[in-house]
Amino acid sequence: METKVASVMDTMPYGLYIIGSRSGDDDGMMADWVMQVSFHPRLIAVAFENDARTLENIRSLGVFTVNMLSEDQQSMTLAARFAQPYSDSKIGGRASGVTARAHHKLADGTFTRADNGCAVLDGAMAWLECRAREFLPAGDHTLVVAEVTGGESRRDAEPLTSRYTGWNYSG
């Protein structure tokens, strides 16, 4: 039954977004589950794995950015850099005794900072600046409802989706 359900969920298209957060150093991760939930006030929801470093940063400081990518090779290359977890220890099947590495995905990238101090990627077609309002447990994820406090559309393009990349995130 679970295999059949996962197969169906693999066909659901998702947008691919880069979430910028901050702590002692900059952090960024790819998120698939992002959606608008309210017009007044402008609210979005983002689902984070419960053990995500970015979620820890957002719980600590209450702010993040959402960087929207476009359907092009530059965005595919950028998304691929953020597709891995911060820590290798989250990857199943690692050989025992292998030292877990930390991936500082913003280290070699070009970005500026939103007013809240989080990363706005130079390659993003658009971005939003957000302040977390609610943290809702949702199975193995936490749904963060956030108020949109700023943002900008930089160019008109088709947004990057899982259908375009061929990647899926259905667990």
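Not measured: the values here are computed from a predicted model.

Draft legend 1. View of the environment of Tyr17. Structurally, Tyr17 can be placed in strand β1 (residues 17-22). As for Tyr17 and Ser70, which are separated by 53 residues in sequence, their C-alpha atoms are 9.7 Å apart. With residues up to four places along the chain from it excluded, the contact list for Tyr17 reads Met29, Met30, Ala31, Asp32, Val34, Val66, Asn67 and Met68.

Draft legend 2. Highlighting the state of the cysteines. In total, this model carries zero disulfides according to the counting rule given. In this model Cys118 remains outside any disulfide bridge; the closest cysteine sulfur is found in Cys130, 9.2 Å from its own.

Draft legend 3. Fine view of helix α2 (residues 53-61). Residues of α2 that are buried: Arg53, Thr54, Leu55, Asn57 and Ile58. Directly after α2, the chain includes Gly62, whose backbone phi takes a positive value near 80 degrees.

Draft legend 4. Summary view of the environment of Val46. Inspection of the secondary structure assignment puts Val46 in strand β4 (residues 43-49). Considered as a pair, Val46 and Ala146 are 100 residues apart in the sequence and their alpha carbons are 8.1 Å apart.

Draft legend 5. How the structure looks around the nonpolar core. With 17 residues, the main nonpolar core has Ile19, Val46, Phe48, Phe64 and Val66 as its most contacted residues. Here this core gets three residues from one element, more than from any other, and that element is β4. If sequence neighbours within four positions are ignored, Phe48 has contacts with Ile19, Met29, Thr54, Leu55, Ile58, Asp140, His141, Thr142 and Val144. Ile18, Met30, Leu78 and Ala124 belong to the second-largest nonpolar core, a separate cluster that totals 11 residues.

Draft legend 6. Highlighting the pairing of β4. With six of seven residues buried, β4 lies mostly within the body of the structure. Here strand β3 (residues 34-38) hands over to β4 after four residues, the two strands then running antiparallel side by side. Two elements, β4 and strand β9 (residues 141-153), share seven bridges in a ladder whose sense is antiparallel. Among the inter-strand pairings, Leu43 is bridged to a residue of β9, identified as Glu147.

Rules used throughout
Residues numbered from 1 in each chain as written. Predicted model: local features only at pLDDT ≥ 70, side-chain atom pairs only at ≥ 80, totals over all residues. Heavy atoms only, no water. Helix = DSSP H or I, 4+ residues; strand = E, 2+ residues; numbered from the N terminus. Contact = heavy atoms within 4.5 Å. Disulfide = S-S within 2.5 Å. Buried < 20%, exposed > 50% of the residue type's maximum accessible area, 1.4 Å probe, protein only. Core = buried A, V, L, I, M, F, W, Y, C linked by side-chain atoms within 4.5 Å. Pairing = 2+ DSSP bridges.

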